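Summary of the model geometry
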Amino acid sequence: MPYPYQIKSLEEYRSAYKKSVEEPEAFWADIAENFQWRRKWDEVLNWNFKEPKIEWFKGAKLNITENCIDRYLPEMAEKPAIIWEPNNPEERTRVVTYARLHKRVCQFAQVLKNNGVKKGDRVCIYMGMVPELAYAVLGCARIGAIHSVIFGGFSAQSIADRLEDAQAEFIVTCDGAYRGAKDIPLKSVIDDALIGNKLVKKVIVYTRTRIPVSMIKGRDVWWEDEMEYAETQVEKDGVVSFPAEEMDAEDPLFILYTSGSTGKPKGVVHTCGGYMVWTNYSFVNVFQYQPGDVHFCTADIGWITGHSYIVYGPLSAGATSLMFEGIPTWPDAGRFWDIVDKHKVNILYTAPTAIRSLIGFGEGPLKGKDLSSLKTLGTVGEPINEEAWHWYDENIGRKKCPIVDTWWQTETGGILISNLAGITPSRPGWATLPLPGVQPVLVDENGKEITEKDEEGLYKGNLCIKAPWPGILRTTYGDHERCRTNYFATYENLYFTGDGCMKDEEGNYRITGRVDDVLNVSGHRIGPAEVENAINMHTGVVESAVVGYPHDIKGQGIYAYVIFNGRGTPDEQTKKDINQTVARIIGPIAKPDKIQFVSGLPKTRSGKIMRRILRKIAEGEISNIGDISTLLDPAVVDEIKNGKV
Ligand code: PRX
């Protein structure tokens, strides 16, 4: 058996789970034996959630790229590591074997070195979904630089904020990116982000769309030139090598920015050893990957799902990972099914929002597509509604493929609660059982464990985790206190997820959504405070409040209440201007779906906005607003109700 730690039956799951709780150190030491360490750990786990301080495999030395690439050579040299499907189906597919991946990652590591990047330096990556993005990420990991990938939909301002927060000195980008019918001018966004930036020394630019770009002498260099030169350095007599930096298990691997209910996005930090073990273990077990399978995760590497289940999880397991540059609906809504058919995809992992958008096109786009290679389907990012689940099951899985509903977060590094494909039962809308090593607990507002069932026979509360698993975040970059207050201070000795949840008598979990103000739009986390700050940047806006409302495709849409005091009466054009402002400040992904102009906002006497009321109105629950007696000006509620858009 290729993965000795792959769970093969419900009984094995139960005994693995039991051991992981009773003897976590012995359990994880056994699993960690399956990786390549330069030096083994002195201690498996050392932790307290108070500070928090979490250390896995302390004292161990490794380089994650040796685990993702070198250890599969030469045996798997010709096996595809990455299959790349371009945006335009007429363009040629690229197949990157493990040998080729090794060469490119060595070359790119050399490029980074040639450009002055050292271990611990922060490298910001802002690229489209091309294999070079994977080379860039792994090249950083090879020399021990900390990568921070930024999704291509973020604006120059967002990038500038992240560059500043991470104190990044290097950027890797593309001239442009193709996404459906659009060409996105990435380098030009980077140029805007760099106005006034004094820290960034080098920008490496990969050529993808050949849109004209400005190239500044001394700062900007072409990827292709750099790679060509590096090739002469890393390849001697046909042998490719670039010595991987020796990393401590607890050295940072990457920073990934994510939104919370307040303030600016925070840089979630994951470390080398624990993250590697967790992404690999969860990948192998949840998807039940078998050697030779083609795994297609449709996420962008700009999000955690792409980091963990396109790059690190699959590659550390010697898998074949399919990377797609485009979008599900271009040139038509059959694009995913063409890819499944063309590449004989075995595992398809996507978001409920993508499924819902494809349902809208009916079964037509499925006609003539051979989906018989599919063995496992997965969903991630948001609760899946039963209609979407059944459509996925019937039309894509032909009722033969288990669907894994995987619940996790940027902060958790990998999947925490999910059924294991074909091994533990699936249930529509339920993430079901925790993975070994994960100890969920539901608590009430005071942190007291929920021990009583409600009238439906379910336990309901806020979802927390009692003890660390190897993939848990270690800190938020540059601000450990923020990490503590965000995740470890709400309830004593618990990691608080921010999600509401229910549990049945058999111990299955169903995630009901965020209990804080954080929005989840198309499976992406958006901070309401960030959107409000962006709206408030518009010259005519006095104040705003942003809440989520149910959206048929996106799961949640963004509803903005705006007090406007600018020139003239605000109209549709004003809304467009506000949207444009948000796109400039955060990025197009944060544009409100609905804007309602109001003369005031419901506030308590202490000046706090009552979001509960705004949420109810946005949800259309106008007759059921609840108590408004504590409001400073209750009359404003009627006005808002009457003006609902
Ligand atoms: O609310 C949960 C929701 O997405 C949040 C995490 O968002 P992010 O860090 O962007 O990571 C998304 C990809 C892992 C969670 O707090 N969420 C994620 N997966 C599910 C989910 N909600 C319900 N069911 C899921 N399977």
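What you see is a predicted model, and the numbers here were worked out from it, not measured in a lab.

1. Quick notes on the packing of helix α6 (residues 156-166) against helix α7 (residues 186-193)
Interhelical geometry of α6 versus α7 gives an angle of 60° and a closest axis separation of 8 Å. As far as their axial angle goes, α7 and α6 are oblique. Read as a crossing pair, α6 and α7 show a hand that is right-handed. Every residue of α7 that contacts α6 at Ala156, Ile159 and Ala160 is listed here: Val189, Ile190, Asp192 and Ala193. Partitioning the contact of α6 with α7 into residue classes produces six nonpolar, no polar and one charged.

2. What to know about the site of the ligand
Around the ligand sit 17 residues, and of these Asp405, Thr406, Thr410, Asp499 and Arg514 come closest. Here Thr406 contributes a backbone N or O atom positioned 2.8 Å from a nitrogen atom of the ligand. The contact in question runs from an oxygen atom of the ligand to an N or O atom on the side chain of Arg514, over 2.8 Å. Summarising the interface, the protein chains cover 96% of the accessible area of the ligand, which totals 540 Å² for the free molecule. If you list the elements that add at least two residues to the shell around the ligand, you get α10 (304-316), β22 (403-406) and β27 (509-514). Classifying every residue of the shell around the ligand gives six nonpolar, six polar and five charged.

3. Details of the pairing of strand β16 (residues 252-258)
Note on strand geometry: in a regular strand, side chains alternate between the two faces of the sheet. Among the seven residues that make up β16, six are buried, leaving the element largely enclosed by the rest of the structure. Taken together, the six bridges between β16 and strand β17 (residues 266-271) define a ladder with antiparallel strand orientation. The partner of Ile255 across the bridge, within β17, is Val269.

4. Things to note about the sheet that holds strand β32 (residues 594-598)
An order of β30-β31-β32 is seen for the three strands of this open sheet, with the pairing classed as mixed. Bordering the open sheet on either side are β30 (541-551) and β32, each of which pairs with just one other strand. Taking the axes of each pair of neighbouring strands and ignoring which way they run, one obtains an average angle of 25° across the sheet. Bridge analysis of strand β31 (residues 555-564) against β32 gives five bridges, and the strand direction is parallel.

5. A few points about the side chain of Asn419
Here Asn419 lies in the loop between β22 and β23 (440-443). Given a relative accessible area of 1%, Asn419 falls into the buried group. Polar side-chain contacts of Asn419 include one of 2.9 Å to the backbone oxygen of Ile403. Leaving out residues up to four positions away in the same chain, Asn419 has contacts with Val286, Ile403, Val404, Asp405, Thr424, Pro425, Ser426, Ala431 and Thr432.

6. Considerations on the domain arrangement of the protein
Taken domain by domain, the protein comprises domain 1 (442-514) and domain 2 (519-642). Computed from C-alpha atoms alone, the centre-to-centre distance between domain 1 and domain 2 is 28 Å.

7. Quick word on helix α15 (residues 528-536)
Of all nine residues in α15, seven are buried; the element is thus mostly enclosed. Buried residues of α15: Pro528, Ala529, Glu530, Val531, Glu532, Ala534 and Ile535, and no others. The elements touched by buried residues of α15 are β28 (519-521), β29 (524-526), β30, β31, α16 (572-585) and α17 (611-619).

8. Digging into the sheet that holds strand β19 (residues 320-324)
In space, the seven strands of this open sheet follow the order β5-β4-β19-β18-β20-β21-β22, with mixed pairing throughout. Edge positions in the open sheet fall to β5 (94-97) and β22, since each of these has one partner strand only. Across this sheet, the average inter-strand angle for adjacent strands is 20°, counted without regard to direction. Across the sheet, helix α13 (residues 386-396) is in contact with β20 (347-350), β21 (376-380) and β22; its angle to β21 comes to roughly 155°.

9. Re the side chain of Asn462
By the element assignment, Asn462 lies in strand β24 (residues 459-465). Only 2.9 Å separates the side chain of Asn462 from the side chain of Tyr491, close enough to count as a polar contact. Residues in contact with Asn462, not counting those within four places in the same chain, are Val441, Leu442, Val443, Tyr491, Phe496, Asp499 and Val515.

What counts and how
Residues numbered from 1 in each chain as written. Predicted model: local features only at pLDDT ≥ 70, side-chain atom pairs only at ≥ 80, totals over all residues. Heavy atoms only, no water. Axes fitted to C-alpha atoms, helices over the stretch in contact; angles between N-to-C directions. Helix = DSSP H or I, 4+ residues; strand = E, 2+ residues; numbered from the N terminus. Parallel < 35°, antiparallel > 145°, perpendicular 65-115°, else oblique. Left-handed = near helix turned anticlockwise from the far one by under 90°. Contact = heavy atoms within 4.5 Å. Nonpolar A, V, L, I, M, F, W, Y, C, P; charged D, E, K, R; others polar. Near = heavy atom within 4 Å. Polar contact = N/O pair within 3.5 Å; in protein donor to acceptor, adjacent residues only side chain to side chain. Areas by Shrake-Rupley, 256 points an atom, 1.4 Å probe, with all protein chains shown as cover. Buried < 20%, exposed > 50% of the residue type's maximum accessible area, 1.4 Å probe, protein only. Pairing = 2+ DSSP bridges. Domains from an automatic or database assignment.

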